[in-house]
Amino acid sequence: MFRVSWFDAGDLRRGLLVLGLCLAGTLCAKFAMAPYGVAALAPLSLWPALFLTRRMSLTDSALAGVLSSFFLSYLAFYWFAGALGRFGGYSRLQVEAVFLNLKYVALFWRWSLARRRGLRKWLRPRWLYFAFTLVLVDLLSPALFAWFFGNLWGGSLWMIQWAEFVGVHGVTFLLGVCAWWSFRATGFGLRLFGAWRSARR
């Protein structure tokens, strides 16, 4: 397990890894939403939160969430931020202070807290707790406009039909379940592949 220090110049490579993972996650989020609608990328957009929070402190996890929010606001919602500045009279700093809310910050921080040793044994099954965490973040995090994690599947007609029955928060819950199990399955597959390669040597 490594610890990422954001203020240690000697840890630049790991800092760049965090930067790259947050950027990759938000790019997945951008292309999962309309008009692209690549639904398979939506669970992948949450993988950085699942991976990084296992290896970072609470403060650094929150900073990674700020980074993800920053990337998403500029990559996916740049048009909205520009409209607020041009027609709403807000400065760029004001827009960034409240824009795209604190959802990623809350998710990274809350899931990092759940990974602490004293809490880990009480939060089972973890896939269910992660899905509920996403829903709670959607419900409780302040936002400038109504954007939820379930909207990551907004470009999928099939998931939009599901939303008619379970609502956007139900879609958020399903997204959390898919993100957790796809992340775990990928990790398991990589471990099997590594064991297979070692056995062949």
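Description of the structure in this document. The numbers attached to residues start from 1 for each chain and follow its sequence in the written order. Thresholds applied to this predicted model are a pLDDT of at least 70 for local features of residues and 80 or more for the giving and counting of side-chain atom pairs; totals over whole chains, interfaces and linings are not thresholded and use all residues. Water and hydrogen atoms play no part in the side-chain values, which are based on all heavy atoms of the structure.

1. Quick word on the overall build of the protein chain
No. 1: Helix and strand counts for the protein chain stand at 10 helices and zero strands.
No. 2: In the protein chain, the order of α-helices and β-strands from amino to carboxyl end is α-α-α-α-α-α-α-α-α-α.
No. 3: Throughout, exposure labels follow a simple rule: accessible area from a 1.4 Å probe, protein chains only, divided by the maximum for the residue type, with under 20% read as buried, over 50% as exposed, and the rest as partly exposed. Evaluated residue by residue, the protein chain yields a buried proportion of 39% over its 201 residues.
No. 4: It only takes one pair of heavy atoms within 4.5 Å for two residues to be counted as in contact. Within the protein chain, counting contacts between residues at least 6 apart in sequence, those at least 24 apart form 71% of the total.
No. 5: Under the convention used here, a 1.4 Å probe and the Shrake-Rupley method define accessible areas, while residue burial counts only the protein chains that appear. Of the accessible surface of the protein chain, which amounts to about 11400 Å², a share of 68% is contributed by carbon and sulfur atoms. Strands are runs of DSSP state E lasting at least two residues, helices are runs of H or I lasting at least four, and both sets are numbered from the N terminus onward.

2. A look at the nonpolar core
No. 1: Counting 36 residues, the largest nonpolar core has Leu46, Leu72, Phe130, Trp147, Phe149 and Leu152 as its most contacted members.
No. 2: Elements supplying a minimum of two residues to this core: helix H1 (12-32), helix H3 (47-52), helix H4 (58-75), helix H7 (103-114), helix H9 (126-140) and helix H10 (157-200).
No. 3: In terms of residues, this core owes the most to one element, H10, which gives six residues. Nonpolar cores were defined as sets of buried Ala, Val, Leu, Ile, Met, Phe, Trp, Tyr and Cys residues, with membership established by side-chain atoms within 4.5 Å.

3. Section: a nonpolar patch on the surface
No. 1: Nonpolar side chains (Val, Leu, Ile, Met, Phe, Trp, Tyr) within 5 Å and like charges within 9 Å form the patches, drawn only from residues with over 30% relative accessible area and no salt bridge. Any Lys or Arg side-chain nitrogen found within 4 Å of a carboxyl oxygen on Asp or Glu counts as a salt bridge. Residues Leu23, Leu27, Phe31, Tyr36 and Val38 make up a contiguous nonpolar surface patch of about 390 Å² in total accessible area.
No. 2: The residue Leu27 is located in helix H1 in this model.
No. 3: In this structure Leu27 comes out as partly exposed when scored by relative accessible area, which is 32%.

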